[in-house]
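One letter stands for each residue in the lines below.
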Amino acid sequence: MADSLVLAAQSASVLTLTLNRPQALNSFTFELQAQLMSALDAAAKDANVRCVVLTGAGRGFCAGQDLADPMVAPDPTPGAQPKDLGRTIEVVYKPLVQRLRSMPVPVLAAVNGVAAGAGANLALNCDLVVAARSASFIQAFAKIGLVPDTGGTWLLPRLVGRASAMGLALLGDKLSATDAERIGLIWKCVDDAALQDEVSTLAKRLADMPVKALVATRHAIDGAQRLTLEEALDAEAALQRELGLAHDYQEGVAAFGAKRAPRFTDR
Ligand code: T3D
């Protein structure tokens, strides 16, 4: 659909969702968020999807909240009612982060260009982030008098430690993809011309893996942040117990013994 704000394209079991407002660097409107949520909901229910790739159309990945959207832009008219930005977080960004984090398949961000504000943290909420060398990450919030949202306050210190998190969040400087890889903010930075091939190969590889175990790994790693070592060991035991009963474990061990490629099907 020409006017779709999120383009969906499926190749084998990899679904690519492309944010499609290139004229405004794919910044978020309520409608874009609604279409993205609906595409993610559909992917979550579709057994033929085993990996989702999130990327942007044009030269940007996502410039965060559309600051021209009348729903959030301050109204300069004297006496005008101030906008409730907390509401935007509650109805737009919180559900989006929760949707991404609860996807039953791995989600890969292919950051093709600038990722700013909520757009940067949208990418960082994905399971793996691969960026083109010309891409950049900007915690743009402080520049307009806001705090990092879309999970930024939770994610940044966990990804890069408090010192770097504070530097990124307070200063809001543009961080190159090369530096983002160097400080551990993202998984990988590749040359622009290699992004598409790199992402396709990685997405296909993830889709062929035991995705149920990959998703359990996401939950275990995120959940372990607030656990003691003993609690984490117990959580690992519970997950191994569950996964040990699943088809993919039987298949993985059988394939290893038979020296053949496994065929994982659980989701
Ligand atoms: O409810 C709430 O509002 C709270 C939630 C907040 C969540 C957030 O995400 S807050 C952070 C919002 N985002 C930003 O502050 C980033 C704003 N954009 C920029 O700083 C720059 O555009 C970039 C650094 C991202 C890229 O710069 P550059 O020079 O490569 O491009 P540009 O010329 O600035 O932008 C190109 C066009 O996209 C331009 O439109 P034009 O002039 O060609 O018609 C620009 O206005 C538009 N654009 C870019 N970002 C946004 C945007 N339009 C609306 N909203 C944007 N966020």
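Throughout what follows, the structure given in this document is the object of discussion.

Definitions and cut-offs
Residues numbered from 1 in each chain as written. Predicted model: local features only at pLDDT ≥ 70, side-chain atom pairs only at ≥ 80, totals over all residues. Heavy atoms only, no water. Buried < 20%, exposed > 50% of the residue type's maximum accessible area, 1.4 Å probe, protein only. Helix = DSSP H or I, 4+ residues; strand = E, 2+ residues; numbered from the N terminus. Pairing = 2+ DSSP bridges. Right-handed = clockwise from strand over helix to strand, strands pointing away. Expected span 1.5 Å × (residues − 1). Arc of directions from axis to C-beta. Contact = heavy atoms within 4.5 Å. Disulfide = S-S within 2.5 Å. Axes fitted to C-alpha atoms, helices over the stretch in contact; angles between N-to-C directions. Core = buried A, V, L, I, M, F, W, Y, C linked by side-chain atoms within 4.5 Å. 1 Å grid on protein atoms, 1.4 Å probe; cavity = no way out; pocket = protein on both sides within 12 Å on 5 of 7 lines; lining within 4 Å. Points joined across faces, edges and corners; volume = space filled by probe spheres on them. Nonpolar A, V, L, I, M, F, W, Y, C, P; charged D, E, K, R; others polar.

Section: the pairing of strand E2 (residues 14-19)
Stage number 1. Within E2, five of the six residues are buried, which leaves the element mostly enclosed by the surrounding structure.
Stage number 2. Note: strand E1 (residues 6-11) against E2, six bridges, orientation antiparallel. Directly across from Val-6, in E2, lies its bridge partner Leu-19.
Stage number 3. Between E1 and E2, which pair antiparallel one after the other, the connecting turn spans two residues, and Ala-12 there sits at a positive phi close to 50 degrees.
Stage number 4. When E2 meets strand E3 (residues 51-56), the two strands line up parallel, connected through six bridges. By the bridge assignment for E3, Val-14 is matched with Cys-51.
Stage number 5. In this fold, the crossover linking E2 to E3 by way of helix H1 (residues 30-45) has right-handed handedness.

Focus: helix H9 (residues 247-258)
Stage number 1. With 12 residues, H9 should cover 16 Å at 1.5 Å per step; its first-to-last C-alpha distance of 16 Å lies within 8% of that length.
Stage number 2. Regarding H9, the residues found buried are Asp-248, Glu-251 and Ala-255. Down the axis of H9, the smallest arc covering the buried residues is 60 degrees, so these residues share one side. Across H9 from its buried face, at more than 90 degrees, point the exposed residues Phe-256 and Gly-257.
Stage number 3. Its buried side turned inward, H9 meets helix H7 (211-224).
Stage number 4. Lys-259 occupies a position one or two residues after H9 and carries a positive phi of about 55 degrees.

Examining the environment of Leu-36
Stage number 1. By the secondary structure assignment, Leu-36 is in helix H1.
Stage number 2. Overall, the relative accessible area of 0% leaves Leu-36 in the buried class.
Stage number 3. A sequence separation of 19 residues divides Leu-36 from Leu-17, and the C-alpha atoms of the two residues are 8.0 Å apart.
Stage number 4. Contacts of Leu-36, omitting those with residues within four sequence positions, involve Val-6, Leu-17, Leu-19, Phe-28, Leu-54 and Leu-96.

Here we look at the state of the cysteines
Stage number 1. On inspection of all chains with the given rule, the structure shows zero disulfides.
Stage number 2. Between Cys-51, a free cysteine, and Cys-126, which holds the nearest cysteine sulfur, the sulfur-to-sulfur gap is 10.0 Å.
Stage number 3. The exposure class assigned to Cys-51 is buried, which follows from its relative accessible area of 0%.
Stage number 4. We note that Cys-62 lacks a disulfide partner, and the nearest cysteine sulfur, in Cys-126, lies 11 Å from it.
Stage number 5. Overall, the relative accessible area of 0% leaves Cys-62 in the buried class.

A few points about the sheet that holds strand E6 (residues 114-116)
Stage number 1. A sheet is described by the order of its strands in space; here four strands give the open sequence E4-E6-E8-E9, paired in mixed fashion. Edge positions in the sheet fall to strand E4 (60-62) and strand E9 (174-176), since each of these pairs with one other strand and no more. Looking at each pair of strands side by side, their axes are set apart by 20 degrees on average, direction ignored.
Stage number 2. When E6 meets strand E8 (residues 136-138), the two strands line up parallel, connected through two bridges. Note on E8: the bridge partner recorded for Ala-116 is Ile-138.

Points about the nonpolar core
Generally speaking, a soluble globular protein has its nonpolar side chains buried in company with each other.
Stage number 1. Of all hydrophobic cores here, the largest spans 49 residues; its most connected members are Leu-17, Leu-36, Val-52, Val-111, Phe-137, Leu-185 and Ile-186.
Stage number 2. Counting residues per element, this core draws most heavily on H1, at seven residues.
Stage number 3. Leave out the neighbours within four places in its chain, and Ile-186 touches Leu-124, Val-129, Ala-131, Phe-137, Ala-177, Ala-180 and Glu-181.
Stage number 4. Among the nonpolar cores identified, the runner-up in size contains 14 residues, and Val-14, Val-53, Ala-132 and Val-199 belong to it.

Section: the layout of surface pockets
Regions of empty space are outlined by a rolling probe, equal in size to a water molecule, passed over the atoms.
Stage number 1. Its volume calculated, the largest pocket comes out at about 810 Å³.
Stage number 2. Around the largest pocket sit 30 residues that line it, and Cys-126, Asp-127, Leu-128, Val-129 and Trp-187 are the ones nearest its centre.
Stage number 3. Contributing elements (two or more residues each) for the lining of the largest pocket: strand E7 (128-132), helix H4 (152-171), helix H6 (195-208) and H7.
Stage number 4. For the lining of the largest pocket, the class distribution of residues is 17 nonpolar, five polar and eight charged.
Stage number 5. If you go around the second largest pocket, you meet 28 residues; those closest to its centre are Gln-65, Leu-67, Leu-85, Ile-144 and Leu-146.
Stage number 6. It is helix H2 (residues 85-101) that provides the largest number of residues to the lining of the second largest pocket, a total of four residues.
Stage number 7. When grouped by side-chain class, the residues that make up the lining of the second largest pocket number 17 nonpolar, six polar and five charged.

All we've got here are geometric facts, nothing functional implied.
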